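Examination of the molecular architecture
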Amino acid sequence: MNNLDDLNNIKKLDKRNALDSIKQLPLQCKVAWQDSNALEFSEAYKDIKNVVISGMGGSTYGARIVKSLYDGAQMARVPVELSNNYLLPGYVNEKTLVILSSYSGSTEETLATAKEAKEKDAKIIGITTGGQLADFLRSNNYPNYIFNPIHNPSAQPRIGVGYMVMGLIGILTKLGIIPVGSAEVEKIIEFLQNQNSFLNENVSFNNNPAKQMAINLEKKIPVIIVADFLEGAAYTIRNPFHETAKQFALHFAIPELNHHLLEGLTFPKELKNLLYFIFVQSNIYDKRNIKRMTLTQEVIKSNNIPYETINLSGYSAFTQVFELIQWGSWVTFYLAMLHDIDPSEIPWVDYFKKKLSAK
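Attention in this report is confined to the structure presented alongside it. (Residues numbered from 1 in each chain as written. Predicted model: local features only at pLDDT ≥ 70, side-chain atom pairs only at ≥ 80, totals over all residues. Heavy atoms only, no water.)

**Let's talk about the layout of surface pockets**
- Taken as a whole, the largest pocket encloses approximately 850 Å³ of empty space.
- As for the largest pocket, its lining consists of 28 residues, of which Met56, Thr107, Glu109, Val349 and Lys353 are closest to the centre.
- Tallying contributions element by element places helix H13 (residues 347–357) first for the lining of the largest pocket, with six residues.
- Its residues placed into classes, the lining of the largest pocket shows eight nonpolar, 13 polar and seven charged. (1 Å grid on protein atoms, 1.4 Å probe; cavity = no way out; pocket = protein on both sides within 12 Å on 5 of 7 lines; lining within 4 Å. Points joined across faces, edges and corners; volume = space filled by probe spheres on them. Helix = DSSP H or I, 4+ residues; strand = E, 2+ residues; numbered from the N terminus. Nonpolar A, V, L, I, M, F, W, Y, C, P; charged D, E, K, R; others polar.)

Dropping the structure here:
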């Protein structure tokens, strides 16, 4: 029997208020869009040949989303790449815009690339809440979006996704690199507020699709299948399965998966008892990939592996990206409740960082 309608139990487990952070995704987006659009940049920042976004974990969500939503669709004015390591690509130079993305401002890989970007005389912008990155940006007079995450009371970067993603999109829009308008952002915010009204904890299990999905996934390995512009969003919801729900999950994108994954479903035999495929459908996908999605479902069904389909309803690709992110936040929160754990705590990540920083 599930406890997802037990509000007292939810309150007991959610010690650091992840629930309110999830609910405030629309407000995070609103503030980040307004603040990033208010930034001013010199003309030199618009005279670039490529963009490299440096970040790790939850701080890469924006880069991955922009790549699949705009760069992959050939809508970005210049190429956009992600650097999630200690080093920048070799081609970075004075015509490169390097955007340093670190929610905490203390990510060591991002701080290493900050130093390298400066040495290469790249154009530099930063997105953070503070820390060493904020100090670096201010001391060098680099443009920055240093925000106060008041709408993320959990203080977890993955649940402050609205700030990092919409902040990055606002900056790239202001620089004329991607085409986004305020009217579209306002519609997205309104859409997310409406979605909250039937995904939140007060909506009973029988009427709440996120709670129902959590029950289906409780003892399974989720395998999230998307296509086209949703690849970055799939990554963005895969991570909360790991950190929020403490549950192993995978994500794959069509058409690439059709060239290898279909032959990997046979062994070990026990695999079929663990996997649970989630096909994320969109009427905006390329028609060829819509056909591939249907055929892939047939293969999964023929292999006797359970699956479920969710149909996104957002009116635009950008809206559907945030629709999927919001859905993932609610599902993984409810999974944490089913696992009887605090969704905010990340003991193994904290342990690893502590050991890594020890001298």
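Having put the structure on the table, let's press on.
**Structural notes on the side chain of threonine 236**
- Position of threonine 236 relative to the elements: it lies in helix H10 (residues 231–243).
- Classification of threonine 236 as buried rests on a relative accessible area of 2%.
- A distance of 2.9 Å separates a polar atom in the side chain of threonine 236 from the backbone oxygen of glycine 232.
- Those residues in contact with threonine 236 that sit more than four places away from it in its chain are Tyr61, Ile65, Val161 and Ile325. (Buried < 20%, exposed > 50% of the residue type's maximum accessible area, 1.4 Å probe, protein only. Polar contact = N/O pair within 3.5 Å; in protein donor to acceptor, adjacent residues only side chain to side chain. Contact = heavy atoms within 4.5 Å.)

**Some points on a nonpolar patch on the surface**
- On the surface, Tyr86, Leu87, Trp348, Tyr351, Phe352 and Leu356 cluster together into a nonpolar patch covering about 750 Å² of accessible area.
- Take leucine 356: it is sitting in helix H13. (Patch = residues over 30% accessible without salt bridge, like charges linked within 9 Å, V, L, I, M, F, W, Y side chains within 5 Å. Areas by Shrake-Rupley, 256 points an atom, 1.4 Å probe, with all protein chains shown as cover. Salt bridge = Lys/Arg side-chain N within 4 Å of Asp/Glu carboxyl O.)

**Examining the pairing of strand E1 (residues 50–54)**
- Among the five residues that make up E1, five are buried, leaving the element largely enclosed by the rest of the structure.
- Burial along E1 is two-sided: the face carrying Asn50, Val52 and Ser54 and the face carrying Val51 and Ile53 are both buried.
- Examined bridge by bridge, E1 and strand E3 (residues 96–102) share five bridges and lie parallel to one another. In the sheet register, valine 52 faces E3, and the bridge partner there is valine 98.
- Pairing analysis gives four bridges linking E1 to strand E2 (residues 80–83), with the strands arranged parallel. In the strand pairing of E2, isoleucine 53 is matched with leucine 82. (Pairing = 2+ DSSP bridges.)

**Observations regarding the packing of helix H3 (residues 25–37) against helix H7 (residues 161–174)**
- The geometry of H3 relative to H7 is characterised by a closest axis approach of 8 Å and an angle of 30° between their N-to-C directions. Relative to H7, the element H3 is oriented roughly parallel. Between H3 and H7 lies a crossing of right-handed hand. Taking contact as the criterion, the partners of Leu25, Gln28, Cys29, Val31, Ala32, Trp33, Ser36 and Asn37 in H3 are, on H7, Val161, Gly162, Tyr163, Met166, Gly167, Ile169, Gly170, Ile171, Thr173 and Lys174.
- Partitioned by chemical class, the residues of the contact of H3 with H7 number 10 nonpolar, seven polar and one charged. (Axes fitted to C-alpha atoms, helices over the stretch in contact; angles between N-to-C directions. Parallel < 35°, antiparallel > 145°, perpendicular 65-115°, else oblique. Left-handed = near helix turned anticlockwise from the far one by under 90°.)

**Section: the pairing of strand E6 (residues 221–227)**
- The buried fraction of E6 is high, at seven of seven residues.
- Judged by which residues are buried, E6 turns out to be covered on both faces: Ile221, Val223, Ile225 and Ala227 on one side and Pro222, Ile224 and Val226 on the other are all buried.
- Across five bridges, the pairing between E6 and strand E8 (residues 275–281) is parallel. The residue bridging isoleucine 221 from the neighbouring strand is leucine 275, located in E8.
- Across five bridges, the pairing between E6 and strand E7 (residues 250–254) is parallel. Across the sheet, alanine 227 pairs through a bridge with isoleucine 254, a residue of E7.
- In this region the chain leaves E6, passes through H10 and returns to the parallel neighbour E7; the handedness of that crossover is right-handed. (Right-handed = clockwise from strand over helix to strand, strands pointing away.)

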